[in-house]
Amino acid sequence: MITRQRLAAGVCALLAALTAGIAFPTGAVADETAEQAAPKVELVLDVSGSMRARDIDGGSRMSAAKQAFDEVLDATPEEVQLGIRTLGANYRGNDRKTGCKDTAQLYPVGTLDRTEAKTAVATLTPTGWTPIGPALLKAAGDLDGGNGTRRIVLISDGEDTCQPLDPCEVAREIAAKGIGLTIDTLGLVPDAKTRDQLSCIADATGGTYTSIQHKEELTDRVGQLVERAADPVVTPVAVEGATACTSAPTLKSGLYTDREEFGQHRYYRVDVKPGQELRASVSVAADREVNPDYGVLLRAVTVHGREIVRGEAAGNGRTDVVSTGLRYPKAESDDEDAPAETVCLQVSNSFSAASGVKTTPGMPVELTVDVVDGPDQASDVASFGLGRGWWLLGALVLTGFLAGVLWGWVSRLRIAVWRTN
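Only a predicted model underlies this, so the values are computations on that prediction, with no experimental measurement involved.

### Things to note about the packing of aromatic side chains
Within this structure, the stated rule accounts for one aromatic pair. Taking the centre distance of 4.4 Å and the plane angle of 15° together, the rings of Tyr294 and Phe351 count as stacked. Placement of the pair is Tyr294 in strand β11 (residues 294-301) and Phe351 in the loop between β14 (341-349) and β15 (363-373), with a sequence separation of 57 residues. There is no split in this pair, since Tyr294 and Phe351 are both buried.

### Some thoughts on the sheet that holds strand β1 (residues 40-46)
A sheet is described by the order of its strands in space; here six strands give the open sequence β3-β2-β1-β4-β5-β6, paired in mixed fashion. Only two strands of the sheet have a single neighbouring strand rather than two, namely β3 (103-110) and β6 (209-212). Pairs of neighbouring strands in the sheet enclose a mean axial angle of 15°, with direction left out of account. Judged from the six bridges that link them, β1 and strand β4 (residues 150-156) form a sheet pairing that is parallel. Residue pairing in the sheet places Lys40 in a bridge with Arg150 of β4.

### Some details on the sheet that holds strand β9 (residues 265-272)
Strand order in the open sheet made by the four strands is β9-β14-β11-β12, with antiparallel pairing throughout. Two strands close off the open sheet at either side, each with one partner strand: β9 and β12 (307-315). The sheet shows a mean angle of 15° between the axes of neighbouring strands, direction not considered. As paired strands, β11 and β12 are joined by eight bridges and run antiparallel to one another. In the strand pairing of β12, Ala300 is matched with Val309.

### Focus: a nonpolar patch on the surface
On the surface, Leu398, Phe401, Leu402 and Val405 cluster together to form a nonpolar patch covering roughly 420 Å² of accessible area. Here Val405 is to be found in helix α10 (residues 389-420). Owing to a relative accessible area of 47%, Val405 belongs among the partly exposed residues under this scheme.

### Looking at the packing of helix α3 (residues 61-75) against helix α9 (residues 215-229)
The interhelical angle for the contact between α3 and α9, taken along N-to-C directions, is 35°, at an axis separation of 9 Å. Relative to α9, α3 is oriented so that their crossing is right-handed. On α9, the residues touching Ala64, Ala65, Gln67, Ala68, Glu71, Val72 and Ala75 of α3 are Lys215, Leu218, Thr219, Val222, Gly223, Val226 and Glu227.

### Details of the pattern of salt bridges
Here the idea is simple: oppositely charged side chains can pair when their charged atoms come close. One pass over the full model with this rule turns up 15 salt bridges. In this structure, the salt-bridge partner of Arg327 is Glu277, at a minimum N-O distance of 2.7 Å. One end of the pair, Arg327, is in strand β13 (residues 321-329); the other, Glu277, is in strand β10 (residues 276-285), and 50 residues separate them in sequence. On the basis of relative accessibility, which here comes to 23%, the residue Arg327 falls in the partly exposed class. Of the residues examined, Glu277 reaches a relative accessible area of 1% and is grouped as buried. The salt bridge involving Glu312 is made with Arg310; its shortest N-O contact spans 3.7 Å. Connected through shared salt-bridge partners, Arg299, Glu307, Arg310 and Glu312 make up one network.

### Brief notes about the environment of Arg306
With respect to the helices and strands, Arg306 occurs in the loop between β11 and β12. Residue class for Arg306 comes out exposed when judged on its relative accessible area of 54%. Once the C-alpha coordinates of Arg306 and Cys344 are considered, the two residues, 38 residues apart in sequence, prove to be 9.9 Å apart. Other than its neighbours up to four places away in sequence, Arg306 contacts Ala300 and Val301.

### A few points about unusual backbone geometry
Looking along the chain, the bond that leaves Thr360 and enters Pro361 is cis, with omega of -5°. Along the chain, Pro361 falls in the loop between β14 and β15. Positive phi outside glycine occurs at Asp57, with the angle close to 55°. With respect to the helices and strands, the residue Asp57 is situated in the loop between β1 and α3. Of note in the backbone geometry, Val189 takes a positive phi value of approximately 45° without being a glycine. Assignment of secondary structure puts Val189 in the loop between β5 (181-188) and α8 (192-204).

Reading guide: rules and limits
Residues numbered from 1 in each chain as written. Predicted model: local features only at pLDDT ≥ 70, side-chain atom pairs only at ≥ 80, totals over all residues. Heavy atoms only, no water. Phe/Tyr/Trp six-rings, centres within 6.5 Å; stacked < 30°, edge-to-face > 60°. Helix = DSSP H or I, 4+ residues; strand = E, 2+ residues; numbered from the N terminus. Buried < 20%, exposed > 50% of the residue type's maximum accessible area, 1.4 Å probe, protein only. Pairing = 2+ DSSP bridges. Axes fitted to C-alpha atoms, helices over the stretch in contact; angles between N-to-C directions. Patch = residues over 30% accessible without salt bridge, like charges linked within 9 Å, V, L, I, M, F, W, Y side chains within 5 Å. Areas by Shrake-Rupley, 256 points an atom, 1.4 Å probe, with all protein chains shown as cover. Salt bridge = Lys/Arg side-chain N within 4 Å of Asp/Glu carboxyl O. Left-handed = near helix turned anticlockwise from the far one by under 90°. Contact = heavy atoms within 4.5 Å.

Quick look at the structure:
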């Protein structure tokens, strides 16, 4: 059994980490990306007065954001065109009409000059209002043009203060244009209203929402989202898993999305021919507040319910995405007409909703399936769920036995010497 665990910051997404080790046909990937323009990302940062609050690891929210930006700018892939837009950074007055126009491009979207961008970020001081809706409209315009990946990463610590221009409606309008722009949102120490608004913005464009409590979380998540923009675009296919293997949909190699309720089991079928290897991975995103201590289980079972191999992962509330994976190589057959084996993939979770949190719709699930030519020798086919793990188990047993014999011999010798003296 080979289990792969990857945590992310993602949603949702799914998730680029899930597709990193999956080998899609080379021609298909080349065709999808050959004519695409350079990926574009704009970081939209809230610089309103509330960013002065000192509740992130003993420092202010603004200092945490600056540190995260410095590290992300250093690690931004060369092929990514990156820009920075602020909201609430310039107007200090009390006129609402003026404050709700306070959004400006701090660094234009284009080839990144890391020193220049970091110098611009260093000048920021928490100042004014929180015009999220106007900032999103301007950011969408900043990223206009081209057919490459386009992503807005919004970092805010509060609700929009410029109603009636609802930022959630703005995000829906952007999604309705069909321009393929994704908005991911991050809430710095958010309250319930902020969390709901930022989640709504992300959901409208197929993005992800992440709640941030620590500097390290902010740096990691922003970095993941920027790097994700450089990955080849793979459009997931919506699928509805079944509650039993017999009625499950049959999947081919590809990326799939579904929703799974708390504590639910979802089944999917995959046909594996002799000499092929099934590779599967799954990610479940907690897109709402959940209780700590949870897990995700991915099992490959026969149509009769016998487990072939499994992958599992656990979380404790410090991440909003839990991922795991498995591999199942099916041995070659001497019979050229040997039929394919139907393998059922079972996805289960042990999430539970926090008090007062809605349980519907289910949580986002991303499932990656790939059926490829198996290894030359499929000797790692699961054996009682251990596969090649039997070698390790045997070595551990032998080592323990020899250590016990040696320790017993040494102990008897020491006792004999003690009695003699």
